[in-house]
Each structure stands twice: as C-alpha cells, then as structure tokens.
Amino acid sequence: MLPLLAFVAHATDPVFEMDFALDDYLVSDVICVEQAGPPNGALAIARSPLGWAHEQRLAVHVGGYPTAPDRAKLMEWLPVGLEAEGEPVAFDLSVAEAPITGDWLVQVEAKAYERKPLLAPNFTVVVDVSMSMETVHERGLPVLQDEPGPLYRPVERIQIVKEALTELFHAAPVYSRVSIIAMETFQARAILPPTSLREMDTVMSALENLDVGVVRAFDKETPKVLEKISDLTFDKCHDNKVLLFTDHVDQLVQRKAVQDVARWARDDVEVWSFGVGLTEDIDADIALLGQAAGGASWLINARSDFEEIWRHILDPGGVVASDVFVQVDFPPGSVWRDITEGGEPRGGPAHYGLGTLRSGESWARVFEVDVPEGSTTADLGATMIHERDVQRHTVDPALGIPPFAWAKSSLRSRALAAYWVDDPKIRPTYRLADVLSHHGESSELRAWLEHVRVRGLGGQSRMPKFVEYEGAAREVFNPWEGMENPNDKPKRADCIPRESAPPWVSASAICE
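Predicted model, so just to flag it, every value in this text is computed and none were measured. (Residues numbered from 1 in each chain as written. Predicted model: local features only at pLDDT ≥ 70, side-chain atom pairs only at ≥ 80, totals over all residues. Heavy atoms only, no water.)

(A) Just unusual backbone geometry, in detail. Of note, Gln 145 is a non-glycine position whose phi angle comes to about 55°, a positive value. Classification of Gln 145 as buried rests on a relative accessible area of 2%. In this model, Asp 323 sits at a positive phi of 55°, which is unusual for a non-glycine residue. As for its position among the elements, Asp 323 is in strand S11 (residues 319-329). Given the relative accessible area of 63%, Asp 323 is considered exposed. (Buried < 20%, exposed > 50% of the residue type's maximum accessible area, 1.4 Å probe, protein only. Helix = DSSP H or I, 4+ residues; strand = E, 2+ residues; numbered from the N terminus.)

Laid out in structure tokens, this is it:
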C-alpha cells in the first residue's frame, strides 16, 4: 500500500514542531490509493550498497578476498552513529589521533529523524521450515556480527530468520499487527494468529517456537492457511505486507504465494521474498521483480542486511530538513584533507551543502588534519544550519586528543575504510583493523580486512579451514525398527558371498 495522509500527533514527529499552523499540513481523512509499480522500499534497497556488500562476501566465500572497493559505496554502507531524538536532524563532531601520520582525525556526522509509518503496517510472515533451513551457508564472515573472529561460529538459516524478525518486530510501530505461518512445501501451520505488537511477549514466544519440522503431515494446504490468516490480519487501506523467508526464493514459495492467494492482489498487498543464506550472484534488479500485488525480492546473509532492509521497508519517507549546510572550522594554519572523499589537501574551513535530507538519511565526513604546533581543540568546531535549526559543536580542550584505538567507533571504521581505498597494499591498514568493533557493520569490515591481511601474508593455507555444517543430528523415525521389512529381499541360505565366490560359479548362485 501507499499511504498518503493521516492524523499525526504534534509531539510524535519533531519535523512538525514549527511555528506555523499544523492545519496547513494535516487533513481530517485518510486517503487510500492503489500502488503503482514496485514499492518505495524496493527502489531504495536497489540503490543501497547491499548488492555491493554481497559481492564482498562472495569473494570471501569462494576463497578469495575483498578488493579495494568503490569509495562511495563503502562509505554509504558504514552506519552513522547518531539518532535524531526530539530534533529534525542529529549532528555531532568528534576527534582522534591519526594512526599512521599522527595528525588529527576529525569527523562530522548528521542524520535526519526517522519517521514512523502513519498507517499501521500489518505483516503476515511466512517462513520455510523445511530441513534445508537448518543448514548453514558460510562460516567465513560474522553472519550475526556479535562475536570475535576470525573463525566465526556456524549459524543456521532458521536462526538468521529469527534474528531478523526480532529486529523487525522491535523496529515496527506498536500498533502494527503480525501473524506468523510456518510452511513446508504444500502445507502450512499458523504459529501466531494476528497479534498486536503491543503484546510483544506473546509475539516473541511464538517466534521462539518457530522451528524446522513444526509442520505436520495432517496440516492444511498452504494457500488455504494463507488465505484465512490474511482475512484476519489485513485491512483495506492499511499498509499490508507479506514477508516470505526461504533458501530458494525464486522457486515454489514466491510463485505459489502470489498466484494462489487472490486476496493479496485484491487488497494491494506488498509481497516481499527473502532468500536467506544464499551464496549466489545478485543483480540489483532482483529487488524490482514484478509480482501480482507489487512486491520485491532480496537476499539476507547478515545482520547488516536485514537492518538496512527493515529501515527501507518501514520508512514512509518525506523531507525532514531543507537547505542543510555544514561548515567545519579547523585551527588557524591547518591543512586538511577529506579522506572519505579522497580530496586534495586544503586550508581554511570545509563547506558542504547537503540540500534536502529525507527521513533517516545520513551524512558523514572524516578529515585528516595537519595542525600547527601548539594547536588545541579550542579552535576546532562544526556548525550545521537548516531552515529550522542551527547547531554548533566544539570539543572540550581539557579532554585532549584521544588515541585512534579510543576514538568513536564510526570514526575508526570510516578512517580505516578510507585508508584501504587510498592504498589497498599498505599492511598497517589491515593490522589496525583489530581496533574495530565486534558488533555491527564494522565487525564485517573487520572480517574483510582480516581476510586481506591473512591471505597477503601466507595465502589460503593461513585461513581457518572451511567445514560444511549440516545442522544438529536428528533422530529419524523408522517404522520397521525391530520388525521384518517386507520391502527387503529375502535372504538366501544357499548362496555364496561374492567376495569368496570362485570364478566358475554362476551369477545366480552369488548372494545379492
């Protein structure tokens, strides 16, 4: 669905905290329209660095190592460590000692307020629970990005799905409804009836019970279960979404779900199909696959994937701030270089016109600054101006210049990424990656740099040995255990074992 306008409480959206009348922006009725073309979230994902990051993972998976990447894509992939709360745009200034040259590293960051959906996004979550969801796609990178490396523990596909849904449910508005369906081939079972996210304990309990093998032979056909749950979950004129999780996104699940549930097309439902743990090439156009109800497909291989995906799916968009301008003032006589853009050394202040910032949009720059002897941070500052606010940030001189290892996490990540692009062959960059966090996207950058360092020092033999993980052992029920199986051929007492049979014995006399 494409929601247009609805009542918005004044205090819930800082973008509307203005001096002029809100009546100019709000109307008394909800307007509902049919969606034309792919959903906005799919367009945003196709433009995002997700496809590029997936290429880096593929290089590791096949035994290679990430190449020096496209600078703009790499910087866009690294997150801004800010959240705008109570203001349209968050803004920050930080400083640290440069690890290689000993100069200053100065970072400025900005992030626009993330709007919540105005209309309730109602979700029907459909999860493939076949045995293949219990397998693991790779061990070379930190899939859930929450542990030290370089040998990362195996993570089953079904666990990645649970982590992704946990993140989604906590990010979605509490007035959303969600239902969960387990599906295996042509049969399905409702794990959670339509439930408000205000009842988070109930939702999380159902998610915990979602596992491989929960669908039974006597469960109903998949289309019937989906149709019934849709009738209970979706409302006309709400933001209705179906999320499908499987390890074969282009096969049965996507086609059957869209073709057999007429209700989804009739109510203009977005159908999102996610391939979990797939080491395949991907083209950004896969995000724009045409479906009966207007939907899209993508891959989920790491926490950084689904965090980015949920941000785009839940973001209603819209301009937060216009005519945004940033100025960074350095100590007099300083020479600075914007290492995130790869610019040439310059003097004086740095100026940036950001123009319009939309919901959730972020911006960041890191400068390597050669300052005259005796300079202090008293002469360092950053200013952001837009039509609703002016923010000025300085650094307390008493705090001094912290070492690189103690710098802000986002500054460390961006600086090392910039050094990598500037000179992919310089080894100190890879050694310094040890100061990156074990959490979030920077942990994946850390793993990429670890692969480049180890491969460069000793080749593939120095990498942890890849071991295919097939999931936990399961007891298989054998109905003929302890009984004579009529499918077995009867044993003959008058035959000769093949290994001891002389060459002149006929084939009919040899035991099968």
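Additional details are given in the paragraphs that follow.
(B) Geometry of the pattern of salt bridges. Evaluation of the coordinates by the stated rule reveals 22 salt bridges. Here Lys 408 and Asp 92 are joined by a salt bridge, their closest N and O atoms 2.8 Å apart. Here Lys 408, found in the loop between strand S17 (389-394) and helix H10 (409-422), pairs with Asp 92, found in strand S3 (residues 89-97); they are 316 residues apart in sequence, far enough to count as distant. Three or more residues joined by partner-sharing salt bridges are found here, namely Arg 71, Arg 337, Glu 368 and Asp 422. (Salt bridge = Lys/Arg side-chain N within 4 Å of Asp/Glu carboxyl O.)

(C) View of the nonpolar core. One finds Val 125, Phe 169, Phe 245, Phe 274 and Trp 310 to be the most contacted residues of the largest nonpolar core, which totals 48 residues. Once residues within four sequence positions are removed from consideration, Phe 169 is found in contact with Val 125, Val 178, Ile 180, Leu 197, Met 200, Val 203, Met 204 and Leu 207. Grouped together as the second largest cluster of nonpolar side chains are 34 residues, Phe 91, Trp 104, Ala 112 and Tyr 352 included. (Core = buried A, V, L, I, M, F, W, Y, C linked by side-chain atoms within 4.5 Å. Contact = heavy atoms within 4.5 Å.)

(D) Expanded view of helix H5 (residues 200-209). Those residues of H5 that fall on the buried side of the exposure criterion are Met 200, Val 203, Ala 206 and Leu 207. The buried residues of H5 all sit within an arc of 130° when viewed along its axis, so they share a single face. Of the residues in H5, the exposed ones pointing more than 90 degrees away from the buried face are Asp 201, Glu 208 and Asn 209. Next to the buried residues of H5 lie helix H4 (157-171), strand S6 (177-184) and strand S7 (187-196). (Arc of directions from axis to C-beta.)

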